[in-house]
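Summary of structural features
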Amino acid sequence: MAGAGITVKGVVKTFGGLRALDGVDMEVRPSSMSLLIGPNGSGKTTLINVISGVLKPDSGKVLLDGKDVTGRPPHEIYRLGVLRTWQIPQPFLRLSVLENVMVADGSNPGESFLRSVLRRLRWLRYEEELVERAFRILELVRLDHLWDAEAYKLSGGQMKLLEIARALMSGARVLLLDEPAAGVNPALAEELFSNLVMIRDRLGVTFLIVEHRLELAMKYTEHCYAMFNGKVIAEGRPSEVLENAKVIEAYLGG
């Protein structure tokens, strides 16, 4: 698995008279961990939705490794390896942790008459490989000890780790994370971000993270983009961006 770069060029998105994105330019390097910040209403979630295909921009382009993917539907963006998570995870609550990860695999061969005849030669081998891969991913996010627990028994932080595991199982090259530390206790939030760094280092996944707990996120990310009123007003190292006069004014004014 290799991470992909994301390029956003002059993206505009309006909702009636509201210009939610106003000519956004952004360059997210492959296998990087970038932070997207800004006060409420600055356009962060709208930008994530445009990149992931949930929303179509009115103008501008979104490129994945230089390939134009502007306006493609979410399922096509998903197949290209760009996945997003949500503030509130939505696992299959009555399935086990392992089952939740396994169902995210996109290579299921399905059923056919021929496959039913050759099931013992192919299907069982596929199932064994699927379980092994799911366990490796659970080990990576440190949920392997809970493999047989039903998802509803997990804590909020563990559910977010499970959501990331499901994304990795589906072959994610880019992960767009919306408030991964929201509602997570400080110790588990630190562990969550530490796991993200490890996933980036081991698998090369690209991360673009929307997060309000800046003191936490800036310790683990290498690049930061700040938005206000639908524009990127600053970018650079997280510590530098947080000291930027425009960013300070945006937060104080917001």
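Since this is a predicted model, take the numbers as computed values, not measurements. (Residues numbered from 1 in each chain as written. Predicted model: local features only at pLDDT ≥ 70, side-chain atom pairs only at ≥ 80, totals over all residues. Heavy atoms only, no water.)

1. Topic: the sheet that holds strand S2 (residues 18-28)
- With respect to topology, four strands assemble into an open sheet ordered S2-S1-S4-S5, the strand pairing being antiparallel. Strands at the two margins of the open sheet, each flanked by one partner only, are S2 and strand S5 (67-68). (Pairing = 2+ DSSP bridges. Helix = DSSP H or I, 4+ residues; strand = E, 2+ residues; numbered from the N terminus.)

2. Looking at the pattern of salt bridges
- The tally for this structure, following the rule as stated, stands at eleven salt bridges.
- Between Glu 222 and Arg 29 there is a salt bridge; the shortest N-O distance is 3.5 Å. Here the residue Glu 222 occupies a position in the loop between helix H8 (214-217) and strand S9 (223-228), and Arg 29 occupies one in the loop between S2 and strand S3 (33-37), the gap between them amounting to 193 residues.
- Under the relative-accessibility criterion, Arg 29 is labelled partly exposed at 49%.
- Here Arg 200 and Asp 201 are joined by a salt bridge, their closest N and O atoms 2.6 Å apart.
- On the basis of relative accessible area, Arg 200 is assigned to the buried category, the value being 14%.
- Overall, the relative accessible area of 53% leaves Asp 201 in the exposed class.
- The network of salt bridges with common partners includes Arg 29, Arg 200, Asp 201 and Glu 222. (Salt bridge = Lys/Arg side-chain N within 4 Å of Asp/Glu carboxyl O. Buried < 20%, exposed > 50% of the residue type's maximum accessible area, 1.4 Å probe, protein only.)

3. Structural notes on helix H1 (residues 44-51)
- When you tally the buried positions in H1, you get seven out of eight residues, the bulk of the element.
- Along H1, the residues that are buried comprise Lys 44, Thr 46, Leu 47, Ile 48, Asn 49, Val 50 and Ile 51.
- At the C-terminal side of H1, Gly 53 shows a positive phi close to 90 degrees.

4. Concerning the packing of helix H6 (residues 156-169) against helix H7 (residues 186-203)
- Their axes nearest at 10 Å, the elements H6 and H7 cross at an angle of 15 degrees. As the angle between them shows, H6 and H7 are arranged roughly parallel. The interaxial crossing formed by H6 with H7 has right-handed handedness. Contacts between H6 and H7 involve Gly 157, Gln 158, Lys 160, Leu 161, Ile 164 and Leu 168 from the first element and Leu 188, Leu 192, Asn 195, Leu 196, Ile 199 and Leu 203 from the second.
- Considering only residue class, the contact of H6 with H7 consists of eight nonpolar, three polar and one charged. (Axes fitted to C-alpha atoms, helices over the stretch in contact; angles between N-to-C directions. Parallel < 35°, antiparallel > 145°, perpendicular 65-115°, else oblique. Left-handed = near helix turned anticlockwise from the far one by under 90°. Contact = heavy atoms within 4.5 Å. Nonpolar A, V, L, I, M, F, W, Y, C, P; charged D, E, K, R; others polar.)

5. Describing unusual backbone geometry
- One non-glycine residue, Asp 65, lies in the positive phi region at around 50 degrees.
- Mapped onto the fold, Asp 65 is located in the loop between strand S4 (59-64) and S5.
- Of the residues examined, Asp 65 reaches a relative accessible area of 46% and is grouped as partly exposed.

6. Some points on empty space enclosed by the protein
- If you walk through the whole model with that rule in mind, you get three cavities of 30 Å³ or more.
- Empty space within the largest cavity amounts to approximately 50 Å³.
- Lining the largest cavity, in full, are Thr 85, Trp 86, Lys 160, Glu 163, Ile 164, Leu 177, Asp 178, Glu 179, Pro 180 and Leu 192.
- Of all the secondary-structure elements, those providing two or more residues to the lining of the largest cavity are H6 and strand S7 (174-178).
- Ranked by residue count, the leading element in the lining of the largest cavity is H6, at three residues. (1 Å grid on protein atoms, 1.4 Å probe; cavity = no way out; pocket = protein on both sides within 12 Å on 5 of 7 lines; lining within 4 Å. Points joined across faces, edges and corners; volume = space filled by probe spheres on them.)

7. What to know about the pairing of S2
- In the sheet, strand S1 (residues 6-15) pairs with S2 via eight bridges, with the strands oriented antiparallel. Each residue of the ladder has a partner; that of Thr 7, found in S2, is Glu 27.
- Two successive antiparallel strands, S1 and S2, enclose a turn made up of two residues, where Gly 16 displays a positive phi of approximately 65 degrees.

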